[in-house]
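The primary structure of each chain is shown beneath.
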Amino acid sequence: MSMGDPDEERVGGRVWPMSRTNTVLVVACTVGAVVCFALGQNVAALALLVGAIGGGVGAVFARRGGSGDLERVNALEYADERDRVAGMKGLATVGVAALLLSVGQLVLHAIVHTDPTSRWAAVVMFFALVICWFVANWYFVRRG
């Protein structure tokens, strides 16, 4: 990590082993896994648990001295501006893919005639992605 990195946080005098972003993602996946296990949804729980473990381990290893650009960018553990630019481009591509997959999901719901709860969840996800995209664009255009 570079000196003065905004994601570098000290806890009890020690540098936290991963960025705040990764900490939030790992905690969200872990809490989601616990909830899913409690509800008996073991497949979803295991998927979230694998995400939490994989994301956490990847983030910690990406901060070690010998990690490469791709390793750091994939783990959202940017060391410099070049990593941040590559990460932003990668996440922008993921955003486009998420919007396209969301459109496909809505069409699939129309074709298969799924239950209303699943269909509304897909509609809400689609509009949440679109609104997030508009707000992010507004923010970054105004920011310069």
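Only a predicted model underlies this, so the values are computations on that prediction, with no experimental measurement involved.

A. Summary view of the layout of surface pockets. Considered as a void within the structure, the largest pocket measures approximately 640 Å³ in volume. Around the largest pocket, the lining is made up of 14 residues, and of these L91, A92, A136, N137 and F140 lie nearest the centre. Within the residue set of the lining of the largest pocket, elements represented by two or more residues are α4 (81–112) and α5 (116–143). For the lining of the largest pocket, the per-class residue count stands at 11 nonpolar, 2 polar and 1 charged.

B. The arrangement of the packing of aromatic side chains in detail. In the structure shown here, the tally under the stated rule is 3 aromatic pairs. With 5.4 Å between their ring centres and 65 degrees between their planes, F126 and F127 make a pair best called edge-to-face. Geometrically, the ring pair formed by Y139 and F140 is edge-to-face, given 4.9 Å between the ring centres and 85 degrees between the ring planes.

C. Quick peek at α5. Here α5 spans 40 Å end to end across 28 residues, near enough to the 40 Å set by a 1.5 Å rise per residue. At the exit of α5 stands G144, carrying a positive phi of roughly 95 degrees.

D. The packing of α4 against α5, seen in detail. One way to put it is that α4 packs onto α5 with a least axis distance of 9 Å and a crossing angle of 155 degrees. On the basis of the axis angle, α4 is roughly antiparallel to α5. The interaxial crossing formed by α4 with α5 has left-handed handedness. Together, A98, L99, S102, V103, Q105, L106 and H109 of α4 and S118, R119, A122, V123, M125, F126, L129, V130 and W133 of α5 make up the contact between the two elements. Among the residues forming the contact of α4 with α5, the class breakdown is 11 nonpolar, 4 polar and 1 charged.

E. Structural context of the pattern of salt bridges. Within this structure, the stated rule accounts for 5 salt bridges. Here R64 and E71 are joined by a salt bridge, their closest N and O atoms 3.0 Å apart. Exposure remark for R64: the relative accessible area of 41% places this residue in the partly exposed category. When the shortest N-O distance is used, the salt bridge between D69 and R72 registers 2.5 Å. A residue pair is termed a helical-turn pair when its members lie 3 or 4 positions apart in one helix, as D69 and R72 do in helix α3 (residues 69–74) at 3 residues. Among the charged side chains, a network of salt bridges with common partners joins D69, R72, R82 and D83.

Analysis parameters
Residues numbered from 1 in each chain as written. Predicted model: local features only at pLDDT ≥ 70, side-chain atom pairs only at ≥ 80, totals over all residues. Heavy atoms only, no water. 1 Å grid on protein atoms, 1.4 Å probe; cavity = no way out; pocket = protein on both sides within 12 Å on 5 of 7 lines; lining within 4 Å. Points joined across faces, edges and corners; volume = space filled by probe spheres on them. Helix = DSSP H or I, 4+ residues; strand = E, 2+ residues; numbered from the N terminus. Nonpolar A, V, L, I, M, F, W, Y, C, P; charged D, E, K, R; others polar. Phe/Tyr/Trp six-rings, centres within 6.5 Å; stacked < 30°, edge-to-face > 60°. Expected span 1.5 Å × (residues − 1). Axes fitted to C-alpha atoms, helices over the stretch in contact; angles between N-to-C directions. Parallel < 35°, antiparallel > 145°, perpendicular 65-115°, else oblique. Left-handed = near helix turned anticlockwise from the far one by under 90°. Contact = heavy atoms within 4.5 Å. Salt bridge = Lys/Arg side-chain N within 4 Å of Asp/Glu carboxyl O. Buried < 20%, exposed > 50% of the residue type's maximum accessible area, 1.4 Å probe, protein only.

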